Amino acid sequence: MTIQLKEDLKKLDQKHFLHPTTSVAQQQLDGPAAIFTEGKGIYLKDIEGKTYIDGMSSLWNVNIGHGREEMAEVAKEQMAKLAFSSCFATFSNEPAILLATKIAELAPGDLNTVFFTSGGSESNDTAIKLARHYWLLKGQPQRQKIISRTHSYHGVAMGATNATGLQAFRDFTNSPAPDFHYVYKDSPQHLRETIEALGPETVAAFISEPVQGAGGVNVPQKDYFKEIRQICDEYGILFIADEVITGFGRTGKMFGMEHFGVVPDMMSFAKGVSSGYVQLGGVIISEKMHKDFCELSKGTLMHGYTYSGHALACRIGLKNIEIVEQEGLVENAAKMGDALLEGFKMLQEKYDFISGVRTFGLLGAIELTKSRETGELFDTPLSPIFVQETMKRGLILRTVTYDQDTVVFSPPLILSKAEVDEMLRILDETFEYVQKNYVQKEAKVK
Ligand code: PLP
């Protein structure tokens, strides 16, 4: 079978590829929105030869940019030497040991020991299970409840799905797991009340992203996490930071929690640890937890993925972090985030229907409303139309329409000032088009 034509690939895609987090109906109707064939730096190229700025680092993860030869070289070398060997039953390998050591060196406070996974969902399931297991070992078996925030996203494995505050992900099946509870995202007081209502002695852990990603790039108030840490300490509850998006430089610091001066008991990570060059994630646990595990655990730690400590993946993680450090990408994320915000503010001055703008390192959001004064949303969300139009103009972005009408940004950390300007130019052109063709038309109909 010779498959070359876009049309062939499109049909095969529709018949044989059930896509993740995709409208099945739309896929059957239109086929893939793009079939990507190459990537270089912040750009992706599709099968028709059209290039796009990858304004989301694909899925908030390709932080060092696409097509890095040095990653391919390291992968080739490691694969030829040792792609994989087991890490069960005390077996180990050099890249896993070195990456765990490097991550311990970078992580704040006493977060010093790493459990490896293949992605963010596995990491959060691991953190949840480690928290529950911890309390079994500590002789408090009733502490099994997990509390998370509204608008949170923690992934799609069973524990991660149930910890996710975005209801639509939990509604995907009608068999929710027990012992998951949710609190209003901006209210430490609601956390306290919920703990009191559940019974503090039944709560294992609280989990939160430092800045919520998929829920709308929601930045917490300055002291939010200080209060959260205090409440967790007061009731003896473990605090898990989900750094899957925010880890490894995206926010302008190595880890998001560093902005808030708070050290969690566990940190889950994925995405930016390998910039998507391979599947890799993990959980960093505190020295205290590790010491307790060492002292109290009698048998086998009955949790492990075949690919926990995958030699090739860990070697890629090491190279990725080396690039992040050598190229000063954490600092660049802070600097370019500021430049992007300047541009967003200028756009807000120009277009009335931009009601709010924010960046946090290289996470960004532009909120759209019919009226800035009342905050009233458009009858049909505008952001999905907007990102379709930026895509036509060569810029890939995403939207959040749950509770808001927001365009979100997460460009690669290698972004230059010229590339920021190019993104802003496309945004300006698209806002002008959308204003003329949608916003003014809606106003006329009224
Ligand atoms: N946690 C957060 C904050 C995420 O944004 C994601 C994915 O977007 C996940 C967890 C799940 O990670 P993965 O898709 O690698 O399983």
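Residues numbered from 1 in each chain as written. Predicted model: local features only at pLDDT ≥ 70, side-chain atom pairs only at ≥ 80, totals over all residues. Heavy atoms only, no water.

(A) Local environment of the sheet that holds strand S14 (residues 398-400). Read from one edge to the other, the open sheet built from four strands follows the order S11-S12-S15-S14, with strand pairing classed as antiparallel. Of all the strands in the sheet, the pair left with one neighbour each is strand S11 (354-360) and S14. In this sheet, neighbouring strand axes are inclined to one another by 20° on average, regardless of whether the strands run parallel or antiparallel. The sheet contact formed by S14 and strand S15 (residues 406-409) spans three bridges and is antiparallel. Within S15, the residue paired with Arg398 across the bridge is Val408. Sheet contacts for helix H13 (residues 329-350): S11, strand S12 (363-368) and S15; angle to S11, the most-contacted strand, approximately 175°. Against the sheet, helix H14 (residues 383-392) makes contact with S12, S14 and S15, and its axis sits at roughly 175° relative to S14, the strand it touches most. (Pairing = 2+ DSSP bridges. Helix = DSSP H or I, 4+ residues; strand = E, 2+ residues; numbered from the N terminus. Axes fitted to C-alpha atoms, helices over the stretch in contact; angles between N-to-C directions. Contact = heavy atoms within 4.5 Å.)

(B) A look at the site of the ligand. Around the ligand, the structure places Gly119, Gly120, Ser121, Asn124, Tyr153, His154, Gly155, Glu209, Asp242, Val244, Ile245 and Lys271. Taking 390 Å² as the accessible area of the ligand by itself, protein coverage stands at 81%. Classifying every residue of the shell around the ligand gives three nonpolar, six polar and three charged. (Near = heavy atom within 4 Å. Areas by Shrake-Rupley, 256 points an atom, 1.4 Å probe, with all protein chains shown as cover. Nonpolar A, V, L, I, M, F, W, Y, C, P; charged D, E, K, R; others polar.)

(C) A look at the pattern of salt bridges. Under the definition given, this model contains 25 salt bridges. Asp428 is paired through a salt bridge with Lys350; the nearest N and O atoms lie 3.0 Å apart. Of this pair, Asp428 sits in helix H15 (residues 417-445) while Lys350 is found in helix H13, placing the two residues 78 residues apart along the sequence. What you see here is one network of salt bridges that share partners, running through Glu389, Lys392, Arg393, Glu422, Arg425 and Glu429. (Salt bridge = Lys/Arg side-chain N within 4 Å of Asp/Glu carboxyl O.)

(D) Local environment of unusual backbone geometry. The residue Trp60 is not glycine, and still its phi comes out positive at about 65°. Tracing the chain through its elements places Trp60 in helix H3 (residues 57-60). Of note, the phi angle at Val217 is positive, near 50°, even though the residue is not glycine. Within the secondary structure, Val217 is located in the loop between strand S7 (203-208) and helix H10 (224-235). Judged by relative accessible area, Val217 falls into the buried class, the value being 1%. (Buried < 20%, exposed > 50% of the residue type's maximum accessible area, 1.4 Å probe, protein only.)

(E) Focus on the domain arrangement of the protein. As far as domains go, the protein holds domain 1 (34-64 + 328-445) and domain 2 (69-326). Using only C-alpha atoms to locate each centre, domain 1 and domain 2 end up separated by 28 Å. Contact with domain 1, which involves 31 residues of that partner, is made by 34 residues of domain 2. Roughly 2400 Å² of surface becomes buried between domain 1 and domain 2 when both sides are summed, with 64% attributable to carbon and sulfur atoms. It is Trp60, Ile64 and Phe360 in domain 1 that bury the most area against domain 2; as a group they hold 30% of the surface buried on that side. Seen at the junction of domain 1 and domain 2, the total is zero salt bridges. Linking domain 1 with domain 2 are 15 residue pairs in polar contact (both at pLDDT 80 or more), by the criterion used here. For the side of domain 1 that touches domain 2, the secondary-structure elements that each account for two or more residues are H3, H13, S11, S12, S14 and S15. Looking at the side of domain 1 that touches domain 2, its residues break down into 18 nonpolar, nine polar and four charged. (Domains from an automatic or database assignment. Buried area = accessible area lost by both parts, 1.4 Å probe. Polar contact = N/O pair within 3.5 Å; in protein donor to acceptor, adjacent residues only side chain to side chain.)

(F) Broad picture of the sheet that holds strand S4 (residues 111-117). Taken in spatial order, the seven strands make up an open sheet running S4-S10-S9-S8-S7-S5-S6, and their pairing is mixed. Edge strands, defined here as strands with exactly one partner in the open sheet, are S4 and strand S6 (180-183). Put simply, the sheet's adjacent strands are angled 25° from each other on average, direction ignored. The pairing of strand S9 (residues 266-269) with strand S10 (residues 281-286) spans four bridges and is antiparallel. Across the sheet, Phe269 pairs through a bridge with Gly282, a residue of S10.

(G) Quick look at the side chain of Thr390. The topology assignment puts Thr390 in helix H14. Owing to a relative accessible area of 0%, Thr390 belongs among the buried residues under this scheme. Among all residues touching Thr390, those that are not within four sequence positions of it are Leu395, Leu397, Ile426, Leu427 and Thr430.

(H) How the structure looks around helix H11 (residues 287-296). By the burial criterion, the buried members of H11 are Met289, Asp292 and Phe293. For H11, the arc enclosing every buried residue in end-on projection is 100°, short of the 170-degree limit, so these residues lie on one face. Facing away from the buried side of H11, by more than 90 degrees, are the exposed residues Lys291 and Cys294. For H11, the secondary structure elements touched by its buried residues are helix H6 (120-137), strand S8 (238-242), S9 and S10. (Arc of directions from axis to C-beta.)

(I) Structural context of H10. End to end, H10 covers 17 Å across 12 residues, agreeing with the expected 16 Å (1.5 Å per residue, within 8%). By the burial criterion, the buried members of H10 are Tyr224, Phe225, Ile228, Arg229, Ile231, Cys232 and Tyr235. All buried residues of H10 lie within an arc of 165° about the axis, which places them on one face of the element. On its buried face, H10 sits against strand S5 (145-149), helix H9 (188-198), S7 and S8. Just downstream of H10 lies Gly236, where phi reads positive at about 65°. (Expected span 1.5 Å × (residues − 1).)

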